[in-house]
Amino acid sequence: MNTLKFKIATPEKVVYENEIFQVSIPTTTGEITILPNHSPLVSILQAGELRFKDNEGEHLMAVSGGFLEIRANNELIILADNAERAEHIDIDRAEEARNRAEEQMKAVKTGEDIDYAKLQAIIEREVNRMRVGKKYKNIKINS
Ligand code: ATP
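Residues numbered from 1 in each chain as written. Predicted model: local features only at pLDDT ≥ 70, side-chain atom pairs only at ≥ 80, totals over all residues. Heavy atoms only, no water.

- In the annotation of an unreviewed UniProt entry, the entry for the protein reads ATP synthase epsilon chain, and the organism field reads Candidatus Magasanikbacteria bacterium GW2011_GWC2_37_14.
- The annotation that UniProt attaches to the protein under Subcellular location (unreviewed entry) is "Cell membrane".
- For the record of the protein, the UniProt heading Function (unreviewed entry) holds the text "Produces ATP from ADP in the presence of a proton gradient across the membrane." (UniProt positions renumbered as here; feature names shortened; annotations may be inferred.)

## Side note on the nonpolar core
When a protein is soluble and globular, its nonpolar side chains tend to lie buried together.
Then, in step 1: F6, I8, V23, I25, L50, L76 and I78 are the most contacted members of the largest nonpolar core, which totals 20 residues.
Then, in step 2: The residues contacting V23, other than those within four sequence positions of it, are L4, F6, I32, T33, I34, L50, R51, F52 and L76. (Core = buried A, V, L, I, M, F, W, Y, C linked by side-chain atoms within 4.5 Å. Buried < 20%, exposed > 50% of the residue type's maximum accessible area, 1.4 Å probe, protein only. Contact = heavy atoms within 4.5 Å.)

## A closer look at helix α2 (residues 116–142)
Then, in step 1: Helix length check: α2, at 27 residues, gives a terminal C-alpha distance of 39 Å against a target of 39 Å (1.5 Å per residue), a fit within 8%.
Then, in step 2: Taken residue by residue, α2 has L119, I123, E126, N128, R129, M130, V132 and G133 as its buried positions.
Then, in step 3: Two to three positions downstream of the cap, the backbone nitrogen of A117 sits 3.3 Å from a side-chain oxygen, assigning the N-cap of α2 to D115. (Helix = DSSP H or I, 4+ residues; strand = E, 2+ residues; numbered from the N terminus. Expected span 1.5 Å × (residues − 1). Polar contact = N/O pair within 3.5 Å; in protein donor to acceptor, adjacent residues only side chain to side chain.)

## Description of the pattern of salt bridges
Then, in step 1: Taken as a whole, this structure holds 13 salt bridges when the rule is applied.
Then, in step 2: Close ionic contact of R71 with E75 constitutes a salt bridge, the shortest N to O distance being 3.9 Å.
Then, in step 3: Here R71 falls in the partly exposed class, since its relative accessible area comes to 33%.
Then, in step 4: Between R98 and E95 there is a salt bridge; the shortest N-O distance is 3.9 Å. A residue pair is termed a helical-turn pair when its members lie 3 or 4 positions apart in one helix, as R98 and E95 do in helix α1 (residues 91–109) at 3 residues.
Then, in step 5: Shared partners join several salt bridges into a network, and the residues in it are E31, E49, R51, E58, R131 and K135. (Salt bridge = Lys/Arg side-chain N within 4 Å of Asp/Glu carboxyl O.)

## Side note on the site of the ligand
Then, in step 1: Looking at the ligand, there are 14 residues lining it, with E12, E84, D90, R100 and R125 nearest.
Then, in step 2: At 2.8 Å from a nitrogen atom of the ligand is found a main-chain nitrogen or oxygen belonging to D90.
Then, in step 3: R100 has a polar side-chain atom sitting 2.8 Å from an oxygen atom of the ligand.
Then, in step 4: Burial of the ligand by the surrounding chains reaches 69%, relative to a free accessible area of 590 Å².
Then, in step 5: Within the residue set of the shell around the ligand, elements represented by two or more residues are β8 (75–85), α1 and α2. (Near = heavy atom within 4 Å. Areas by Shrake-Rupley, 256 points an atom, 1.4 Å probe, with all protein chains shown as cover.)

## Looking at the domain arrangement of the protein
Then, in step 1: Partitioning the protein into domains gives domain 1 (4–87) and domain 2 (88–142).
Then, in step 2: On a C-alpha basis, the centroid separation for the pair domain 1 and domain 2 is 22 Å.
Then, in step 3: Taken together, the two surfaces of domain 1 and domain 2 that pack against each other cover about 1200 Å², and 57% of this comes from carbon and sulfur.
Then, in step 4: A per-residue breakdown of the area domain 1 buries against domain 2 is headed by E49, A86 and E87, which together make up 38% of the total.
Then, in step 5: The interface formed by domain 1 and domain 2 contains 3 salt bridges.
Then, in step 6: When the shortest N-O distance is used, the salt bridge between E49 and K135 registers 2.9 Å.
Then, in step 7: Where domain 1 packs against domain 2, one counts 8 residue pairs in polar contact (both at pLDDT 80 or more).
Then, in step 8: Of all elements in the fold, only β6 (48–54), β7 (57–71) and β8 reach the threshold of two or more residues within the side of domain 1 that touches domain 2.
Then, in step 9: Sort the elements by how many residues they give to the side of domain 1 that touches domain 2 and β7 lands first, with 5 residues.
Then, in step 10: For the side of domain 1 that touches domain 2, the class distribution of residues is 6 nonpolar, 3 polar and 4 charged. (Domains from an automatic or database assignment. Buried area = accessible area lost by both parts, 1.4 Å probe. Nonpolar A, V, L, I, M, F, W, Y, C, P; charged D, E, K, R; others polar.)

If you want it as structure tokens, here you go:
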């Protein structure tokens, strides 16, 4: 079967690297689905859910920020600010991180010097982690 060489890395580590059949990626212009032999493309990632199929089945990941590049040699590389496989997501940790960011955001109103956009991006990242983590749990319970 026709496959695509896929690698997804963060500044910390390579999260996944293998041959896949297809992948759906959240980008700033909407979700795109990439199949083997796609034409070259560069696009920007948005916080969301990434799904891909390899010879073990379908996998789910939470990603936020970064970019993707499809090269002419049937290779897809994603450099993400954050990427976690759904089965590794700690939902409580994400919820705590979101609550902390929300608390800090409240302080903005009382005149403290806080980077509002950065906090918003953190909240978006943690809410996305929670959503993907919960979706994975539900799939596991129902399958
Ligand atoms: P904290 O929850 O401590 O506030 P953080 O949001 O500051 O964490 P990041 O800088 O986003 O953490 O990520 C640090 C590392 O921890 C990365 O490898 C990231 O994939 C992982 N990570 C962060 N949050 C979670 C989570 N809820 N579940 C699993 N892995 C996580």
